[in-house]
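Residues per chain are reported as follows:
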Amino acid sequence: MRTLFYSVISALVLAASGPALAKDKLTVYTYESFTADWGPGPLVEKEFEAECGCEVEFVSVADGVALLNRVKLEGASTKADIVLGLDTNLTADAKASNLFAPHGAVGAVDVPGGWKDDVFVPFDYGYFAVVYDTEKLKTPPKSLKELVEGRAGDKIVIQDPRTSTPGLGLLLWVKSVYGDKAPEAWAKLKQKVLTVTPGWSEAYGLFTKGEAPMVLSYTTSPAYHMVAENTQRYQAASFEEGEYLQIEVAGITTTGAKNPLAAKFLTFMTGPKFQDAIPETNWMFPAGRTDKPLNPAFDKLVKPTKTLMFSPEEVAANRKAWVDEWLAVMSK
């Protein structure tokens, strides 16, 4: 009887102390390359957990457009506190979903063109580019027009604009250069497309395995090969028309607005413990305060002669029609 009594008391004490011992939790939805072993996710998780004394859970999907699709599908019942990995081509659409909340005060950010937004905060930026293998392609295209109308044998791997922010970026890049002639441009480029992948990781993996001499990526991608692999084999082509700018952002969901850790994370995101990780893990330019200078390899990268970019509102108003236009050509 005495043993039973103490067992009951012990069980009650453990039950009462359980919740007090549990750590607060922050759930972050992001894209796969962010959470990869070589991506910024593991370092960001370690640094923020040490700072907040909490638990961070990353939930990843293929790419940025898929992120928004998932949150919209889950609606108000989403488990995401933070969505990290949308870009300015998706922010107007994301705001219209009413699933994101104002962020309040965060740290200073610095991106091309400046930044002012009460819902989303940038964490990095870069320029889309055609990256090529110098051992397989001696004369890369010098313009988007040359890529579209050049040799059919020079294959490229691209991403799907319905799931991928780089894929959407190429769609907008083509639209900004060709305008109403975009369908004709896609019909020509289609002959050179080896495959269309759901996200960036799959596309770049095929490229580095030698499946195609070109891939849609970023002007910053060659820095990875210079720093991590000590090779200049992979380079970005410089296009006469300019390159399309991508600014990647994070936002707090309406669910996450109830979690104090969400606002703390966005402030942390703009500081050096997050931003110093970006250049050599996400291979993009940092958008916030850093304590660490950029690796000299970044000085060797292609510098856009012109920045191309639609406003978030233009993209929101036309994205479906432009994607349908792309699909009508690519699905034939």
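Everything discussed here concerns the structure shown above.
The paragraphs below set out a description of the structure included in this document. (Residues numbered from 1 in each chain as written. Predicted model: local features only at pLDDT ≥ 70, side-chain atom pairs only at ≥ 80, totals over all residues. Heavy atoms only, no water.)

A few words now on the packing of helix α7 (residues 165-178) against helix α8 (residues 182-189). Axis separation between α7 and α8 bottoms out at 9 Å; the angle between their running directions is 125°. Taken as axis vectors, α7 and α8 run oblique relative to one another. Handedness of the crossing formed by α7 with α8: right-handed. Along its contact with α7, which presents L170, L171, V174, K175 and Y178, the element α8 presents A182, A185 and W186. (Axes fitted to C-alpha atoms, helices over the stretch in contact; angles between N-to-C directions. Helix = DSSP H or I, 4+ residues; strand = E, 2+ residues; numbered from the N terminus. Parallel < 35°, antiparallel > 145°, perpendicular 65-115°, else oblique. Left-handed = near helix turned anticlockwise from the far one by under 90°. Contact = heavy atoms within 4.5 Å.)

Attention now moves to the packing of aromatic side chains. Applying the stated criterion to the full structure yields 25 aromatic pairs. Measuring from centroid to centroid gives 6.2 Å for F34 and F123, while their planes differ by 85°, and the two rings are edge-to-face. Here F34 is found in helix α2 (residues 32-35), whereas its partner F123 is found in strand β5 (residues 120-133), with 89 residues between them in sequence. Of the two residues, F34 and F123, both sit in the buried class. (Phe/Tyr/Trp six-rings, centres within 6.5 Å; stacked < 30°, edge-to-face > 60°. Buried < 20%, exposed > 50% of the residue type's maximum accessible area, 1.4 Å probe, protein only.)

The tally for this structure, following the rule as stated, stands at 14 salt bridges. Between D93 and K72 there is a salt bridge; the shortest N-O distance is 3.3 Å. One end of the pair, D93, is in helix α5 (residues 91-96); the other, K72, is in helix α4 (residues 64-74), with 21 residues separating them in the sequence. Since its relative accessible area comes to 18%, D93 is described here as buried. Given a relative accessible area of 39%, K72 falls into the partly exposed group. Linked by salt bridges that have partners in common, K72, D93 and R319 make up one network. (Salt bridge = Lys/Arg side-chain N within 4 Å of Asp/Glu carboxyl O.)

Turning next to empty space enclosed by the protein. Enumeration over the complete set of coordinates arrives at two cavities of 30 Å³ or more. Quantified by volume, the largest cavity comes out at close to 60 Å³. Contributing to the lining of the largest cavity are D276, P279, E280, K292, P293, L294 and N295. Class assignment of the residues belonging to the lining of the largest cavity gives a composition of three nonpolar, one polar and three charged. A volume near 40 Å³ is recorded for the second largest cavity. Among the elements of the structure, α7, α8 and α14 (312-330) are those that each provide at least two residues to the lining of the second largest cavity. (1 Å grid on protein atoms, 1.4 Å probe; cavity = no way out; pocket = protein on both sides within 12 Å on 5 of 7 lines; lining within 4 Å. Points joined across faces, edges and corners; volume = space filled by probe spheres on them. Nonpolar A, V, L, I, M, F, W, Y, C, P; charged D, E, K, R; others polar.)

Shape descriptors only; they carry no functional weight alone.
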